[in-house]
Amino acid sequence: MDRNMIALCGLNCAVCSEALREDSPCVGCRREGNKGEYCANLCKIVKCEIRKSLPNGFCDKCPQYPCREIVNKECWYANAYPIIESLMGNLAFIGENGLKKFLQREKERWTCSDCGGVISVHNGKCNGCGKNYTNRKY
C-alpha cells in the first residue's frame, strides 16, 4: 500500500478497479497521470479549492467537513459495493493512529489470503486469482 494512493477523501485508491486494471491503471487522485473517468472528470472532491489549502490535503481538516460530497460518497461506498468501505472511518483512523498504521491495516485488509493479490472494493474479488471475498463485510 502506497501513501500516494490514499485519496483526499480517505478512500484507498489502490483497491479501486480502475487502479487494478492491467492496461493503463489509474495512478490515484494525488498523482498526475492516467486516471479513471470519475476521478479525472467527475469527482468534485479532487477539484475542491478549499481542500488544496489544507495542510495535509485530507478532507477531514476542512472547516466544511463533512460536506455534501463526502456524505454522498460515504453512503455510496457503504451501500453500493460488496465490501463496505468508509472514507470517513478511514480519515478518523488516520487522524487517531497516523498514516503508517492505516497503510498497515489496509495491507492486511485488502490482501488476498491465497495469492497476495489485491482485493477490489468494487467487486470483492482478488485481482490476482479471482477469489471471491464478497461474503466479508466491514
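Residues numbered from 1 in each chain as written. Predicted model: local features only at pLDDT ≥ 70, side-chain atom pairs only at ≥ 80, totals over all residues. Heavy atoms only, no water.

Going by the annotation in an unreviewed UniProt entry, the name recorded for the protein is DUF3795 domain-containing protein, with Heminiphilus faecis given as the source organism.

Helix and strand counts for the protein stand at six helices and zero strands. Along its sequence from the N terminus, the protein presents helices and strands in the succession α-α-α-α-α-α. A globule of 138 residues ought to have a C-alpha radius of gyration of about 14 Å, and the protein, at 14 Å, matches this closely. Across its three principal directions, the C-alpha atoms of the protein cover 40 × 30 × 25 Å. The buried share of the protein, taken over its 138 residues, is 41%. Within the protein, residue pairs in contact and separated by at least 24 positions form 47% of the contacts whose partners lie at least 6 positions apart. Of the roughly 7,700 Å² that the protein leaves accessible, carbon and sulfur atoms contribute 50%. Within the protein, one finds 21 positive and 15 negative side-chain charges whose respective centroids are separated by 3 Å. (Helix = DSSP H or I, 4+ residues; strand = E, 2+ residues; numbered from the N terminus. Rg over C-alpha atoms; globule rule 2.2 N^0.38 Å. Buried < 20%, exposed > 50% of the residue type's maximum accessible area, 1.4 Å probe, protein only. Contact = heavy atoms within 4.5 Å. Areas by Shrake-Rupley, 256 points an atom, 1.4 Å probe, with all protein chains shown as cover. Lys, Arg positive; Asp, Glu negative; His and termini not counted. Charge placed at Lys NZ, Arg CZ, Asp CG, Glu CD.)

Each pocket or cavity is described by its volume, and for the largest pocket that value is around 470 Å³. In terms of lining residues, the largest pocket is bounded by 30 residues, among which Leu11, Tyr38, Cys39, Lys73 and Tyr77 are the most central. Broken down by element, the lining of the largest pocket gets its largest block of residues, five residues, from helix 4 (residues 68-79). For the lining of the largest pocket, the residue count by class is 19 nonpolar, five polar and six charged. Reported here for the second largest pocket is a volume of approximately 170 Å³. Taken together, 13 residues line the second largest pocket, and the ones lying closest to its centre are Cys48, Ile50, Cys62, Gln64 and Cys67. Elements represented by at least two residues in the lining of the second largest pocket include exactly helix 3 (49-52) and helix 4. (1 Å grid on protein atoms, 1.4 Å probe; cavity = no way out; pocket = protein on both sides within 12 Å on 5 of 7 lines; lining within 4 Å. Points joined across faces, edges and corners; volume = space filled by probe spheres on them. Nonpolar A, V, L, I, M, F, W, Y, C, P; charged D, E, K, R; others polar.)

Bringing unusual backbone geometry into the picture now. Residues Tyr65 and Pro66 are joined by a peptide bond in cis, for which omega reads -5°. Along the chain, Pro66 turns up in the loop between helix 3 and helix 4.

The next thing to look at is helix 4. Its 12 residues place the ends of helix 4 17 Å apart at the C-alpha level, agreeing with the 16 Å of an ideal helix rising 1.5 Å per residue. Residues of helix 4 that are buried include every one of Ile70, Lys73, Glu74 and Tyr77, and no others. Down the axis, helix 4 shows its buried residues gathered within 105° of arc, on one side only. Across from the buried face of helix 4, at angles greater than 90 degrees, the exposed residues are Arg68, Trp76 and Asn79. In the core, the buried residues of helix 4 are packed alongside helix 2 (37-42) and helix 5 (87-97). (Expected span 1.5 Å × (residues − 1). Arc of directions from axis to C-beta.)

On to the packing of aromatic side chains, then. Per the counting criterion, the structure on display carries three aromatic pairs. Arranged with centres 6.2 Å apart and planes meeting at 85°, the rings of Trp76 and Tyr81 form a pair that is edge-to-face. Ring centres of Tyr77 and Tyr81 lie 5.1 Å apart, and the angle between their planes is 50°; on these two criteria the pair is classed as tilted. Comparing Tyr77 with Tyr81 shows no difference in burial state: the two are buried. One cation-aromatic arrangement involves Arg105 over Phe93; the distance from NZ or CZ to the ring centre is 4.3 Å. (Phe/Tyr/Trp six-rings, centres within 6.5 Å; stacked < 30°, edge-to-face > 60°. Lys NZ or Arg CZ within 6 Å of the ring centre and 35° of its normal.)

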